[in-house]
Amino acid sequence: MKRQKMKRFENQVIVITGGSKGIGWAAAEQFLAEGGKVSIWDIHAPEDEELARYSNRLLWVKCDVSKEKDIQHAVETTEKQWGNIQILVCSAGIQRYSTVTETSEEEWDFVMGINLKGSFLAAKHCIPSMQRHGNGVVILISSVQAFYSQDKVAPYVASKSGQIGLMRSIAVDYAPNIRCVAVCPGTINTPMLRDAINLSPDPAIVLKECEDMHLVQRIGEAEEVSKLICFLASSEASFITGQYFRIDGGLGVMIAGSKK
Ligand SMILES: NC(=O)c1ccc[n+]([C@@H]2O[C@H](COP(=O)([O-])OP(=O)(O)OC[C@H]3O[C@@H](n4cnc5c(N)ncnc54)[C@H](O)[C@@H]3O)[C@@H](O)[C@H]2O)c1
């Protein structure tokens, strides 16, 4: 007899901030493939054909995660469509390049507003919905830059480090029924990365440098991160909370020497 593959997210309502592109979209596709109903909260829409393909299980709500009114509207729209939210993935993020002395107050607020405050606001307004449901999972997409830095990324590393503290705080405050974890990717092949390396006069060199930083000698794919996100969101990870998970091809493990 043929055994039917179990769909881990059948009838579950999943919110993905920044889900129209990159890591968020890869996660959306994985949740959809496994039966979930996905509400994407993003300033940009996913591709039209994707919206059409999954029309009854994919919703896009135009939302700037740094604005509480937008988040409140997104929760109302999602609940009206499908009821209570069970899973929140905070993937909305931006990368900007500056040192502390170069960063204007506006730029600092802009980066922190999306990367850190956006995670806070989404959690603030999704957790009550999870509580009405009875349980839930919050996953913050942080970065290896919560632990390491490069030059000229002051607001970005501050925001990514802040997400780790926020994750622990949510895990403590809403246990036992709501789990919270953070995922910390190394360099991943997404529009964010491609935009960043295209700022350089020689993007091919920058890409090679990125590949060489990882022990596996390549950058990661968004689908590799989405598999980890879906595992952590699933009941298979029911004993995991308050932790961060690096998915970084061994970046930073080797402190000296050369693989070449
Ligand atoms: N790509 C990498 O190498 C990498 C590495 C480590 C961590 N990350 C983190 O992963 C997350 C996703 O990154 P990505 O590479 O997929 O980026 P991406 O640029 O490919 O996608 C980010 C998405 O966020 C959306 N977004 C931007 N500002 C928004 C706002 N104000 N409100 C709502 N949505 C907004 C964008 O429209 C886009 O759809 C980010 O938090 C990023 O910091 C990425």
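Right, let's walk through the structure included here. The structure displayed is predicted, hence computed values, not measured ones.

About the criteria used
- Residues numbered from 1 in each chain as written.
- Predicted model: local features only at pLDDT ≥ 70, side-chain atom pairs only at ≥ 80, totals over all residues.
- Heavy atoms only, no water.
- Buried < 20%, exposed > 50% of the residue type's maximum accessible area, 1.4 Å probe, protein only.
- Helix = DSSP H or I, 4+ residues; strand = E, 2+ residues; numbered from the N terminus.
- Pairing = 2+ DSSP bridges.
- Near = heavy atom within 4 Å.
- Polar contact = N/O pair within 3.5 Å; in protein donor to acceptor, adjacent residues only side chain to side chain.
- Areas by Shrake-Rupley, 256 points an atom, 1.4 Å probe, with all protein chains shown as cover.
- Nonpolar A, V, L, I, M, F, W, Y, C, P; charged D, E, K, R; others polar.
- Expected span 1.5 Å × (residues − 1).
- Arc of directions from axis to C-beta.
- Contact = heavy atoms within 4.5 Å.

1. Some remarks on the pairing of strand β2 (residues 37-42)
Phase 1: Of all six residues in β2, six are buried; the element is thus mostly enclosed.
Phase 2: Neither face of β2 is left uncovered, since the one carrying K37, S39 and W41 and the one carrying V38, I40 and D42 both have all their residues buried.
Phase 3: In the sheet, strand β1 (residues 13-17) pairs with β2 via five bridges, with the strands oriented parallel. Bridge pairing links I16 to I40 in β2.
Phase 4: By the bridge criterion, five bridges tie β2 to strand β3 (residues 58-62) in an arrangement that is parallel. Paired with S39 across the strands is L59, a residue of β3.

2. Topic: the site of the ligand
Phase 1: Close to the ligand lie 27 residues, the nearest being I23, D42, Y156, I188 and T190.
Phase 2: The backbone of K21 places a nitrogen or oxygen atom 3.4 Å from an oxygen atom of the ligand.
Phase 3: At a separation of 2.9 Å, an oxygen atom of the ligand approaches a polar side-chain atom of K160.
Phase 4: When the ligand sits alone it has 830 Å² of accessible area, and the protein chains cover 94% of it.
Phase 5: The set of elements that each furnish at least two residues to the shell around the ligand consists of α1 (22-33), α5 (154-174) and α6 (191-197).
Phase 6: Broken down by class, the residue content of the shell around the ligand amounts to twelve nonpolar, eleven polar and four charged.

3. Looking at helix α3 (residues 68-82)
Phase 1: An ideal rise of 1.5 Å per residue puts 21 Å on 15 residues; α3 measures up with 21 Å between its terminal C-alpha atoms.
Phase 2: Among all positions in α3, only I71, A74, V75, T78 and W82 are buried. The buried side chains of α3 occupy one side of the element, clustering within an arc of 100° when seen end-on. Opposite the buried face of α3, at more than 90 degrees from it, the exposed residues are K69, E76 and K80.
Phase 3: Summarising the contacts, the buried residues of α3 are in contact with β1, β2, β3 and α4 (105-133).

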